[in-house]
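Fold and contact review
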Amino acid sequence: MPELPPDLPACLEAWKTGATVAFALLGSYARGDAGPFSDVDVLRFVNDDKQEEEAQSFLIGGEKGVEAGEDRQQGRNIPHQWLIVRSTITPSQVESWFTEPGQALGIIDGLRRGKELWDPDQVFASIQQRAHRFEWTPEHQEKADQLAGKELVGWIEEAHKGLEGLRRNDTGRLLNARFGLSWGLSWVMRLHRGVLTTSDNTFYDDVINAVGPESRWALLLRRAFGTENQGDRGPLSLREVVQSGLLLYCETFQILKESLPRQDYALISATVRLIQTELESNDWAGCVEA
């Protein structure tokens, strides 16, 4: 495991309260693949829901830290600092990890790879064992598809921004659309396929592999993120990225349409028809089609 901050044990002692029952390490330091700029993800488990608080960040090390290396421009050594992100986890939060699909997708695999820092009563060990036993059930899938439908409805506004941005050649609208039609749609597919990710950094490859790297959906996602070049033409333009994202919205609907909640289906399908009509009538889709 990469070297942890030498001051971390003292920080854990300072962060203990009467309600604290365990500390655990997640993320790259727990997996053993941390780099010099990786943050240290610390979970503080408490036994009282009233102790809930927002995640907090701390820099430790600095003047007292070990030297990280040489500043080649200044010709001097730089004291290393670690960014610590501390999250306080209540019993209700733990339960939501196992019952709510949107929570489970982002945390279960991390729990499986986590490391205990202080766990006198085996609280974290019990949670970790539960994570190893976790299975994606039909109940999870039903909840996930309900949430995916709401997400697709939520991104309709970005689809309209994309169409209007293309019509006006408006950079602001296109940038707004780009987020929902890439990040947003990748999350929709993660929900639908129940894609547990190792970390926030692997979601892109994880969801592409779940759908199929050679699938039309994966191709459009790569283009919606702008990670695929157009041969000798180089990177896609912002307009082409948004056009790909609009097509990705349509393709996502095609994959999910049999499982979408009835109350969301009409609105989403109407948006798909609008996108298809506008792209075809303006001949925008041709330059990004597979």
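Residues numbered from 1 in each chain as written. Predicted model: local features only at pLDDT ≥ 70, side-chain atom pairs only at ≥ 80, totals over all residues. Heavy atoms only, no water.

Examining the overall build of the protein
Put simply, the rule reads: Strands are runs of DSSP state E lasting at least 2 residues, helices are runs of H or I lasting at least 4, and numbering of each runs from the N terminus. Accessible area is worked out with a 1.4 Å probe on protein chains only. A residue is then buried under 20% of its type maximum, exposed over 50%, and partly exposed in between. Any pair of residues with heavy atoms lying within 4.5 Å of one another is described as a contacting pair. Computed with the Shrake-Rupley method and a 1.4 Å probe, the accessible areas treat only the protein chains shown as cover for residues.
Within the protein one finds 12 helices and seven strands. Relative to its full complement of 290 residues, the protein shows a buried share of 46%. Restricting the contact set of the protein to residue pairs at least 6 apart, pairs at least 24 apart contribute 67%. Summed over its atoms, the accessible surface of the protein is roughly 15000 Å², and 46% of this surface lies on carbon and sulfur atoms.

Some thoughts on the packing of helix α3 (residues 91-99) against helix α5 (residues 123-133)
Note the threshold: Comment: axis = line fitted to C-alpha atoms, over the contacting stretch for helices; angle = value between 0 and 180 degrees taken between N-to-C directions. Note on angle classes: values under 35 degrees are labelled roughly parallel, values over 145 roughly antiparallel, values of 65 to 115 roughly perpendicular, and the remainder oblique. Residues are grouped as follows: Ala, Val, Leu, Ile, Met, Phe, Trp, Tyr, Cys and Pro are nonpolar; Asp, Glu, Lys and Arg are charged; every other residue, Gly included, is polar.
α5 packs onto α3 with a crossing angle of 10 degrees between their chain directions and a minimal axis gap of 11 Å. Relative to α5, the element α3 is oriented roughly parallel. Only Ile-127, Arg-130 and Ala-131 of α5 make contact with α3, whose side of the interface consists of Val-94, Glu-95, Trp-97 and Phe-98. Taken together, the residues of the contact of α3 with α5 sort by class into five nonpolar, no polar and two charged.

What to know about α3
All buried positions along α3 are accounted for by Val-94, Ser-96, Trp-97 and Phe-98. Packing partners of the buried residues in α3 comprise β2 (40-46), β6 (81-89), α4 (101-112), α5 and α6 (138-154).

So, the environment of Pro-120
The topology assignment puts Pro-120 in the loop between β7 (115-118) and α5. It is 7.1 Å that separates the C-alpha atoms of Pro-120 and Ala-22, two residues lying 98 residues apart in sequence.

A look at the side chain of Gln-128
As for its placement among the helices and strands, Gln-128 is situated in helix α5. Non-local contacts of Gln-128, meaning those with residues more than four positions away in its chain, are made with Leu-111, Arg-112, Arg-113 and Gly-114.

Focus on the pattern of salt bridges
Note the following rule: Just to be clear on terms, a salt bridge is a Lys or Arg side-chain nitrogen sitting within 4 Å of an Asp or Glu carboxyl oxygen.
Counting across every chain of the model gives 13 salt bridges. With a shortest N-O distance of 2.5 Å, Arg-173 and Asp-170 are connected by a salt bridge. Where Glu-251 meets Arg-216, a salt bridge forms, and the shortest distance between an N and an O atom there is 3.3 Å. Residue Glu-251 is found in helix α11 (residues 238-256), and its partner Arg-216 is found in helix α10 (residues 216-225); the two are separated by 35 residues along the sequence. For Glu-251, a relative accessible area of 19% gives the class buried. Using a relative accessible area of 30% as the deciding quantity, one classes Arg-216 as partly exposed. Each of Arg-44, Glu-53 and Arg-86 takes part in salt bridges that share partners, so that together they form one network.

Topic: the nonpolar core
Cut-off, in case you're wondering: By nonpolar core we mean a set of buried residues, namely Ala, Val, Leu, Ile, Met, Phe, Trp, Tyr and Cys, connected to one another through side-chain atoms within 4.5 Å.
Membership of the largest hydrophobic core comes to 40 residues, with the highest contact counts inside it found for Leu-152, Leu-221, Leu-246, Tyr-249 and Ile-275. Those elements giving two or more residues to this core turn out to be α6, α7 (156-168), α8 (171-193), α9 (203-211), α10, α11 and α12 (262-281). Beyond its immediate chain neighbours, meaning those up to four positions away, Leu-246 contacts Ala-159, Gly-162, Leu-163, Leu-166, Leu-181, Ile-275 and Leu-279. Val-21, Phe-45, Ile-107 and Ile-127 belong to the second-largest nonpolar core, a separate cluster that totals 18 residues.

Considering the confidence of the model for the protein
To be explicit about the condition: The predictor rates its confidence in each residue with pLDDT, a number between 0 and 100.
Mean pLDDT for the protein: 90, with 90% of residues reaching 70 or above. Strand β4 (residues 67-71) is the least confidently modelled element of the protein, averaging 39 in pLDDT, while α5 averages 98, the highest of any element. Throughout residues 64-76 the model reports pLDDT below 50, and contacts reaching past four residues in sequence, or to other chains, amount to 19 contacts.

Quick look at the sheet that holds strand β3 (residues 56-61)
Where we set the bar: For two strands to count as paired, DSSP must find a minimum of two bridges between them.
Within the open sheet, the five strands sit side by side as β3-β6-β2-β1-β7. Their pairing is mixed. At either margin of the open sheet sits one strand with a lone partner, and together these are β3 and β7. Taken over all neighbouring pairs, the strand axes of this sheet differ in orientation by 30 degrees on average, direction set aside. Of the strand pairs in this sheet, β3 and β6 are connected by six bridges, and their pairing is antiparallel. When the bridges of β6 are listed, Ile-60 appears paired with Trp-82. Here helix α1 (residues 8-15) sits on the sheet and contacts β1 (20-26), β2, β3, β6 and β7; the angle it forms with β2, its principal contact strand, is near 30 degrees.

Some thoughts on the side chain of Thr-197
Using the following cut-off: Any pair of N or O atoms that falls within 3.5 Å is considered a polar contact. Within protein, one atom must be able to donate a hydrogen and the other to accept it, and sequence-neighbouring residues count only if both atoms are side-chain atoms.
Tracing the backbone shows Thr-197 in the loop between α8 and α9. Within polar-contact distance, the side chain of Thr-197 engages the side chain of Arg-190 at 3.1 Å. The contact partners of Thr-197, leaving out residues within four places of it in the chain, are Leu-105, Gly-106, Asp-109, Arg-190, Thr-202, Phe-203 and Asp-206.

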